[in-house]
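Residues per chain are reported as follows:
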Amino acid sequence: MYDWLIVGAGFAGSVLAERLAGERNERVLLIDRRPHIGGNAYDRYDDDGLLIHQYGPHIFHTNSKQIFDYLSRFTEWRFYEHRVLAEVDGMLVPIPINLDTVNKLYGLNLTSEQLQDWFAERAETIGEIKTSEDVVVSVVGRELYEKFFRGYTRKQWGLDPSELDKSVTSRVPTRTNRDDRYFTDEFQFMPKHGYTRMFEKMVGHPNIDIMTQTEYDDVKNVIPHRRVIYCGPIDEYFNFQFGKLPYRSLRFEHVTLDKAWHQPVGVVNFPQTNDYTRVTEYKHLTGQEHAKTALTYEYPSAEGDPYYPIPKAENQELFKKYERLALATPDVWFVGRLATYRYYNMDQIVGQALATFRRINESLPVGADT
Ligand code: FAD
Ligand code: UDP
């Protein structure tokens, strides 16, 4: 008899497996339908020995010392600050939009103060900022919005920014200084030996059994367990009874080139051209030295594995219906990006899993079942 059946071996499921096995000394069965642990953060060496991210670029960043310290138990780190360029009007310029972006794009020589005025002259006045279009046009105006955000967002989500919640493009700030880092978080690192190694350490406790290529439906009535942590799509758990929750998918094209470098930074975004949104060159992220280089092209798609919950009011309403069912389901805890339908980064998922562990401790005293 397992104390816990954990469905999904990504950050949510793996953190909880580690906590429950390590801190509560309970027996855990961790399953995943994929042939590996790590969820979307899974990385692997390709045929040429280059470390790549199977499901697109994953850069760890957080402002939480607690979350950083927790993960530091399972990995050493490589300092890495992510930089992204966007190909706009045939030029490669920094995104988030900053002083250099505007100066380069328009052949100007503005100072930070002058750029503030330049933005103010172009910004549109919007009563209440609601959509992903509002967020951008209210700060930089329509022209830059169209160059950098409109096309990219339509490709990535299959929706116009005016149809998406403001939280989506709010992820990308606008700067009047020359800071060209994608993130400004206090802690920005890559796991020194990769994510998969970090996961292996996290779930290596003898109280944890792991089964990959295993569907929840195939084991739920077969393998005895007391409680469930479910990290898959919440609508799937409830047999889509209120209809399908929309998730956006991606197709990843992994390519290895017989040359040392392809592009000047880890990621180049393509808001105006091509069917793919961005190209990642992993050696920038991993620091690996190799005569060849590995890239991933991301093609957004409506079909395929669920990668992104789609932040939109009507989707949130549908999610709330499922959430009400989830709250009324005893002995099952719903955790993670798919089960809570939240566009969360890795650190936020770790935080959510650690908070769930605290709630489990509050409601279930250790040894209550035995
Ligand atoms: P997942 O990693 O999706 O794990 C859920 C697991 O559950 C999956 O492995 C799935 O196979 C399994 N599963 C589902 N249903 C079942 C079932 N019925 N039976 C068995 N197994 C099941 N975050 C960052 O912080 N930085 C980044 O740079 C970053 N880049 C990203 C890039 C892309 C392209 C994507 C898609 C996400 C990115 N993220 C990034 C977000 C990050 O991937 C997530 O926050 C994190 O991986 C979520 O962990 P999770 O455990 O909730 O879900
Ligand atoms: N975005 C954009 N142009 C860019 C970068 C981002 O329009 O060059 C928008 C787009 O809608 C994207 C969102 O901002 O989905 C969030 O970007 P982020 O890089 O955080 O996306 P993620 O890494 O989560 O895919």
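What counts as what
Residues numbered from 1 in each chain as written. Chains lettered and ligands numbered in written order. Predicted model: local features only at pLDDT ≥ 70, side-chain atom pairs only at ≥ 80, totals over all residues. Helix = DSSP H or I, 4+ residues; strand = E, 2+ residues; numbered from the N terminus. Buried ≥ 20, exposed ≤ 12 C-beta atoms within 10 Å, placed from the backbone. Domains from an automatic or database assignment. Nonpolar A, V, L, I, M, F, W, Y, C, P; charged D, E, K, R; others polar. Pairing = 2+ DSSP bridges. Axes fitted to C-alpha atoms, helices over the stretch in contact; angles between N-to-C directions. Left-handed = near helix turned anticlockwise from the far one by under 90°. Contact = placed C-beta atoms within 7 Å.

Undergrad: Help me understand unusual backbone geometry, please; the structure alone is not making it clear to me.
TA: Across residues other than glycine, the phi torsion is negative in most instances, and most of the peptide bonds are trans. Here Ile-95 and Pro-96 are connected by a cis peptide whose omega angle stands at -5°. Its location among the elements puts Pro-96 in the loop between strand 8 (91–95) and helix 3 (99–106). Unlike most non-glycine residues, Asn-274 shows phi in positive territory, near 70°. Note on Asn-274: 14 C-beta atoms within 10 Å, which makes it partly exposed. You will see that Tyr-341, though not glycine, has its phi angle at about 50°, which is positive. Take Tyr-341: it is sitting in the loop between strand 17 (332–334) and helix 12 (346–363).

Undergrad: Help me understand the domain arrangement of the chain, please; the structure alone is not making it clear to me.
TA: Reports of interface size often rely on the accessible area that becomes lost once the parts have come together. Domain boundaries in the chain define domain 1 (2–37 + 203–245 + 310–363), domain 2 (44–83 + 181–192 + 247–308) and domain 3 (98–171). Distance between the C-alpha centres of domain 2 and domain 3: 25 Å. Classifying every residue of the side of domain 2 that touches domain 3 gives three nonpolar, three polar and one charged.

Undergrad: Looking at this structure, I do not really get the pairing of strand 7 (residues 84–88). What am I missing?
TA: For a regular strand, the rule is simple: side chains alternate between the two faces of the sheet. Of the two faces of strand 7, only one is covered, namely that formed by Val-84, Ala-86 and Val-88; the face formed by Leu-85 and Glu-87 stays uncovered. Pairing between strand 7 and strand 8: five bridges, direction antiparallel. Bridging across to strand 8, Leu-85 finds its partner in Pro-94. The turn joining strand 7 and strand 8, which pair antiparallel and follow one another in sequence, is formed by two residues; a positive phi near 50° is taken by Asp-89. When strand 7 meets strand 13 (residues 267–269), the two strands line up parallel, connected through three bridges. In the sheet register, Ala-86 faces strand 13, and the bridge partner there is Asn-269.

Undergrad: So what exactly am I meant to see when it comes to the packing of helix 1 (residues 11–23) against helix 12 here?
TA: Packed helices, taken two at a time, are described by their axes: the angle between them and the distance between them. The geometry of helix 1 relative to helix 12 is characterised by a closest axis approach of 9 Å and an angle of 40° between their N-to-C directions. As for the relative orientation of helix 1 and helix 12, their crossing is right-handed in sense. When helix 1 is examined against helix 12, the residues Phe-11, Ala-12, Val-15, Leu-16 and Arg-19 are found in contact with a partner set consisting of Met-346, Ile-349, Val-350, Gln-352, Ala-353, Leu-354, Thr-356 and Phe-357. Split by residue class, the contact of helix 1 with helix 12 holds ten nonpolar, two polar and one charged.

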